[in-house]
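Below, each chain spelled out in residue letters.
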Amino acid sequence: MKPIQGLHHITAVASDPQANVDFYVGVLGQRLVKTTVNFDDPGTYHLYYGDEIGTLGTAITFFPWRTMHRGRIGSGETSAMAYAIPRTSIEYWRARLTDLDIPFEETNLRFDDPVISLADPDGMVVELVATDDPSTIQFWKDGPIPEEHALRGFHSVTLLLNTLPGTAALLTEQMGYDFVGQEGSRFRFCGASNDRGLYVDIDVQPDVPRGSFGAGSIHHVAFRTVDDSEQLEYMAAFRAAGQQVTSVQDRQYFHSIYFRGPGGVLFEVATDEPGFLIDESIEELGSSLKLPSWYESKRDFIEKTLPPIDHPDFSNTLSK
Ligand code: ZN
């Protein structure tokens, strides 16, 4: 059983699907790589964004529930997700966000890296960490961002917790993460990824109350395991350590197990295979509604239930 290979995907809750598309595609320049439905609630979209092919460690997914009230960040959840950008791109992103009237803040350096912090349309905290060593991605050439400034996949997630030890032990003793540093209340752990989604930060705030789940909340963080057999080894190991782990769930594009960590954060361990190209070509990714086989007989009803989404088109953009 190898160490966990870094972040697989992040899943969050949104309200309006169009606003979600407009922000992640139109502002951040991520490609909508899969348009499907919530397998437990097929009248709701499940939208996946990433680099050109949704490379693992770039994929963020949303359930947009139009009537969902806004959540409030608190302990026991993932309080922020961060993309990496090249250090040389920070001016570009300051100018782009200013031009688009997107408010942002620049925090103190974090482990020597500048951080731009903004909120998505539902108030979810999205950070851009400007690093000298940004990871590699498969660039989406039809997007709105020039290649040299494109987001480089996930840099990290921040878990907001009241205490450190339980989750730190989970990461280091059961998932193969290494503790690599502390800065104030922030404790950083590094995974064994090839290069994307390396870091899990734990922000220890003993007095922060529990959050209120809603739009803008990060539902869970998924970690990479290479295949089904290793996933079963992880399942057995987590159970032996006392975690309440679900059975394997077929998520069509990967297979997943879930458990709630000691600090309250919902973790998923997901396989690399079969991947997003199982039902679409690279050119087609995200362009039409994909349903798992067990929902195909209900396609007409589902398509009538879902609100239409306009896909931003940058093909005529003269200057990026
Ligand atoms: Zn997931």
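Every chain is numbered on its own, with residues counted from 1 as its sequence reads. Whole-chain, interface and lining totals are the exception, using all residues; otherwise, since this is a predicted model, local features are given only for residues with pLDDT of at least 70 and side-chain atom pairs are given and counted only at 80 or more. Excluded from the side-chain calculation are hydrogens and water; included are all heavy atoms of the structure.

## Some points on a negative patch on the surface
On the surface, Asp227, Asp228, Glu233 and Glu273 cluster together to form a negatively charged patch. Within the secondary structure layout, Asp228 lies in helix H4 (residues 228-240). Patch definition: residues above 30% relative accessible area lacking any salt bridge, with like charges linked at up to 9 Å and the nonpolar side chains Val, Leu, Ile, Met, Phe, Trp and Tyr linked at up to 5 Å. The accessible surface values rely on the Shrake-Rupley method and a 1.4 Å probe; as for residues, cover is taken only from the protein chains in view. One side-chain nitrogen of Lys or Arg within 4 Å of one carboxyl oxygen of Asp or Glu is enough to make a salt bridge. Within this scheme the basic residues Lys and Arg register as positive and the acidic residues Asp and Glu register as negative, but His and the chain ends are omitted. A single reference atom marks each charge: NZ on Lys, CZ on Arg, CG on Asp, CD on Glu. Helix and strand assignments come from DSSP, with helices taken as H or I runs of at least 4 residues and strands as E runs of at least 2, each series counted from the N terminus.

## What about the coordination of the zinc ion?
Metal coordination here is assigned from N, O and S atoms located within 2.8 Å of the ion, or within 3.2 Å for Na, K and Ca; omission of water means that sites may look incomplete. Every protein donor of the zinc ion is listed here as His9 (NE2), His220 (NE2) and Glu268 (OE), and their distances to the metal cover 1.9 to 2.0 Å. Each donor residue of the zinc ion belongs to the same chain, and together they define the spacing H-x210-H-x47-E. You can see His9 sitting in strand E1 (residues 7-14) and its partner His220 sitting in strand E13 (residues 218-225), a full 211 residues away along the chain. Each member of the pair, His9 as well as His220, carries the same accessibility label: buried. Think of it in three bands: with a 1.4 Å probe and only protein chains considered, a residue is buried below 20% of the maximum accessible area for its type, exposed above 50%, and partly exposed in between.

## Looking at the side chain of Asp272
Structurally, Asp272 is set in strand E16 (residues 266-274). Looking at Asp272, the relative accessible area reads 18%, which means it is buried. Each polar contact in these results corresponds to two N or O atoms within 3.5 Å; when the atoms are within protein, one needs to be able to donate a hydrogen and the other to accept it, and residues that are neighboring in sequence are counted only if both atoms are side-chain atoms. In terms of polar contacts, Asp272 uses its side chain to reach the side chain of Arg224, at 2.8 Å.

## As for the pairing of strand E7 (residues 115-119)
For E7, a buried count of 4 out of 5 residues is recorded, marking the element as mostly surrounded by other parts of the structure. By definition, two strands form a pair when at least two bridges between them are found by DSSP. For strand E6 (residues 104-106) and E7, the ladder comprises 3 bridges, and the chain directions are antiparallel. From the neighbouring strand, Glu105 faces E7, where its bridge partner is Ser117. Bridge analysis of E7 against strand E8 (residues 125-131) gives 5 bridges, and the strand direction is antiparallel.

## Examining the nonpolar core
Grouped together as the largest cluster of nonpolar side chains are 71 residues, with contacts concentrated most on Tyr24, Ile60, Met81, Tyr83 and Trp93. Per-element accounting of this core gives the leading share, 5 residues, to helix H1 (residues 17-27). Residue contacts for Trp93: discarding those within four places in its chain leaves Val27, Leu28, Ile85, Ile116, Leu128, Ile145, His149 and Leu151. Think of a nonpolar core as a cluster: buried Ala, Val, Leu, Ile, Met, Phe, Trp, Tyr and Cys residues, connected wherever their side-chain atoms sit within 4.5 Å. Counting residues in each nonpolar core, the second largest holds 8 residues, with Ala59, Phe254, Phe276 and Leu285 among its members. Note on contacts: a residue pair is in contact if any heavy atoms of the two residues lie within 4.5 Å.

## Quick notes on the packing of aromatic side chains
The criterion for an aromatic pair is that two Phe, Tyr or Trp rings (for Trp, the six-membered ring) have centres within 6.5 Å, with stacked assigned to planes under 30 degrees apart, edge-to-face to planes over 60 apart and tilted to the rest. Applying the stated rule across the entire model yields 19 aromatic pairs. Ring geometry for Phe39 versus Trp294: centroids 5.5 Å apart, planes at 80 degrees, classification edge-to-face. Taken together, the positions of Phe39 in the loop between strand E2 (31-38) and strand E3 (41-50) and Trp294 in the loop between E16 and helix H5 (299-305) put the pair 255 residues apart, joining distant regions of the chain. Given a relative accessible area of 41%, Trp294 falls into the partly exposed group. Members of the aromatic cluster, connected to one another through ring pairs, are Tyr177, Phe223, Tyr234, Phe238, Phe259 and Phe267. A cation over a ring is seen here: Arg188 above Tyr199, with NZ or CZ 4.7 Å from the ring centre. Two conditions define a charge located above a ring, namely a distance within 6 Å from the ring centre to NZ of Lys or CZ of Arg, and an angle within 35 degrees of the ring normal.

## A word on helix H3 (residues 165-174)
Buried residues of H3: Thr167, Ala168, Leu170, Leu171 and Gln174, and no others. Those residues of H3 that are buried are in contact with strand E9 (154-161), strand E11 (186-190), strand E12 (199-204), H4, strand E15 (254-260) and E16. Gly176 sits one or two positions beyond H3 and adopts a positive phi of about 85 degrees.

## A closer look at the pairing of strand E4 (residues 59-64)
A large share of E4 lies buried, amounting to 6 of its 6 residues. Side-chain alternation along E4 places Ala59, Thr61 and Phe63 on one buried face and Ile60, Phe62 and Pro64 on a second face that is also buried. As judged from the 6 bridges shared by E1 and E4, these two strands associate in the parallel manner. Along E4, the bridge assignment pairs Thr11 with Thr61. Inspection of the sheet shows E3 paired to E4 by 3 bridges, in the antiparallel sense. If you follow Leu47 over to E4, its bridge partner there is Phe62.

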